[in-house]
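Chains, contacts and geometry: an overview
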Amino acid sequence: MTVAANETTEGLSDGEREAACAALERDGYVVLPRRLPEALTEAALAAIDRVTRQKRGGDPAVSVKVMNCVDADPAFRRLMMYAPALQLSHDVFGPMFHLCQSNFVSRPRDGRSVADFISSSPWHADGPRPGLFPRVNGAMGLHYLKFGFFLTDLTHGNGGPLQVVRGSHKRPELDDKPHGSFRIEDHAEDVVTFNCEAGTVVAFHQAQWHAAPPNQSDIERKNVYISYCPTWMRPLDREFPSEEALAGLSDEERWLLGEPRPALRWWLPSPEDARRMARFRRNADAPVAAVARYD
Ligand SMILES: O=C(O)CCC(=O)C(=O)O
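Notes on the structure in this doc start here.

**Thoughts on the sheet that holds strand β7 (residues 191-193)**
Overall, antiparallel pairing links the 4 strands, which are arranged β4-β9-β6-β7 in an open sheet. Sheet topology places β4 (121-124) and β7 at the edges, where each strand pairs with a single neighbour. Within the sheet, the average angular offset between the axes of one strand and its neighbour, ignoring direction, is 20°. Of the strand pairs in this sheet, strand β6 (residues 163-165) and strand β9 (residues 210-212) are connected by 2 bridges, and their pairing is antiparallel. Considered in β9, the bridge of Q163 is made with A211.

Structure below.
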């Protein structure tokens, strides 16, 4: 199935983008001002249920996580194309960004207490692991911007919601403490818990400390994480596709998935490349700024 690149999802206004970017900079996260369109939510839920059924082999109490889910069902590519996420990625990275990572989790009350990122997730900051990558002026730069799409109701408060520590993206992971001696209680007043409605989208900085406790409710928690990074970074959970694997996809999808190209163009865009994601920039009717040609 070929997915139209221009599926209608209402984009954010310039004012909403400005406010979202300010929140990201200040707090390290932002809840997007509108929920996912129902059609996108329904399609993603159907895809999660289909793939999960195959993986779990009949036991409904097993949590399932699928990495690189954009290759598992076209519904996840539709989420990858969600206009507000692409607008904010364009705001923070400019036109040279692509898909970094995608996964979904379907998490019932599975009775497991192991924080293995499937049944639940411990407090951590995402990769690149902050200890191993350079800091700029003491801070971890924005390497990727991550979007959590929460597709089932979490307002009941017992569903194992995403939690973050406000402002923690400006500090080393868990204040450089070993996991054993880190105490989230010391940060209680900055912990934000997303007991949110189905369709809520939360964007956060990859250095933000975050976690999710086990689902203790009868409502299975189903969500998708999709993140974007500059084109000079490799994706986290996929190899770049062959030309054949991209057959039938739109120009924008091909760009985000990492279409084959000469090495230099991962760094220096051709004028065509610089225009590829242009509809997601602010003031999208203005001419695209000229870029240096190298060929
Ligand atoms: O389980 C969750 O929702 C959190 C996932 C997480 O920590 C991660 O993807 O890095």
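**What to know about the site of the ligand**
In the vicinity of the ligand, the residues found are R107, S121, H124, D126, K146, H210, A212, R221 and Y225. Within the side chain of R107, an N or O atom sits 3.0 Å from an oxygen atom of the ligand. S121 is positioned with one of its side-chain polar atoms (N or O) 2.8 Å from an oxygen atom of the ligand. Protein contacts shield 96% of the accessible area of the ligand, which totals 290 Å² for the unbound molecule. Using a 2 Å cut-off from the grid points, one finds that the ligand occupies the largest pocket. If you list the elements that add at least two residues to the shell around the ligand, you get β4, β9 and β10 (221-230).

**Examining the layout of surface pockets**
Size it by volume and the largest pocket reaches roughly 290 Å³. Counting residues per element, the ones that place at least two in the lining of the largest pocket are β2 (64-67), β3 (97-107), β4, β9 and β10. Residue contributions to the lining of the largest pocket peak at 4 residues, all from β3. A per-class count over the lining of the largest pocket returns 9 nonpolar, 6 polar and 6 charged. Roughly 220 Å³ of internal volume is contained in the second largest pocket. Lining of the second largest pocket is provided by C21, L24, E25, V92, A139, M140, G141, L142, L145, H169, K170 and H205.

**What to know about the nonpolar core**
In terms of nonpolar packing, the biggest core is built from 50 residues, with M80, F104, F147, F149, V224 and Y228 touching the most fellow members. Considering each element in turn, this core owes the most residues, 7 residues, to helix α2 (residues 38-56). Sequence-distant contacts of F147, defined by excluding residues within four places in its chain, comprise L32, A85, L88, S89, V201, V202, A203, V224, Y225, I226 and Y228. The next biggest cluster of nonpolar side chains, apart from the first, holds 11 residues, and it includes L154, V192, V202 and Y225.

**Here's the deal with unusual backbone geometry**
At N68, a position not held by glycine, the phi torsion is positive, near 50°. Here N68 is to be found in the loop between β2 and α3 (74-80). A positive phi angle, close to 55°, is found at D175, a residue other than glycine. Residue classification places D175 among the partly exposed positions, given a relative accessible area of 30%.

**Describing the sheet that holds β10**
Ordered by their spatial adjacency, 6 strands build an open sheet running β1-β8-β5-β10-β3-β2, and the pairing between neighbours is antiparallel. Edge positions in the open sheet fall to β1 (29-31) and β2, since each of these has one partner strand only. The sheet shows a mean angle of 15° between the axes of neighbouring strands, direction not considered. Where strand β5 (residues 145-150) and β10 come together, 6 bridges link them in antiparallel fashion. By the bridge assignment for β10, K146 is matched with S227. Helix-sheet contacts for helix α1 (residues 14-27) involve β1, β5 and β8 (200-205), and the interaxial angle to β1 is about 140°. Sheet strands in contact with helix α4 (residues 83-93) are β3, β5 and β10, and its direction is about 165° off that of β5.

Cut-off values and rules
Residues numbered from 1 in each chain as written. Predicted model: local features only at pLDDT ≥ 70, side-chain atom pairs only at ≥ 80, totals over all residues. Heavy atoms only, no water. Pairing = 2+ DSSP bridges. Helix = DSSP H or I, 4+ residues; strand = E, 2+ residues; numbered from the N terminus. Axes fitted to C-alpha atoms, helices over the stretch in contact; angles between N-to-C directions. Near = heavy atom within 4 Å. Polar contact = N/O pair within 3.5 Å; in protein donor to acceptor, adjacent residues only side chain to side chain. Areas by Shrake-Rupley, 256 points an atom, 1.4 Å probe, with all protein chains shown as cover. 1 Å grid on protein atoms, 1.4 Å probe; cavity = no way out; pocket = protein on both sides within 12 Å on 5 of 7 lines; lining within 4 Å. Sits in = over half its atoms within 2 Å of the grid points. Points joined across faces, edges and corners; volume = space filled by probe spheres on them. Nonpolar A, V, L, I, M, F, W, Y, C, P; charged D, E, K, R; others polar. Core = buried A, V, L, I, M, F, W, Y, C linked by side-chain atoms within 4.5 Å. Buried < 20%, exposed > 50% of the residue type's maximum accessible area, 1.4 Å probe, protein only. Contact = heavy atoms within 4.5 Å.

By themselves, these figures tell us nothing about what the structure is for.
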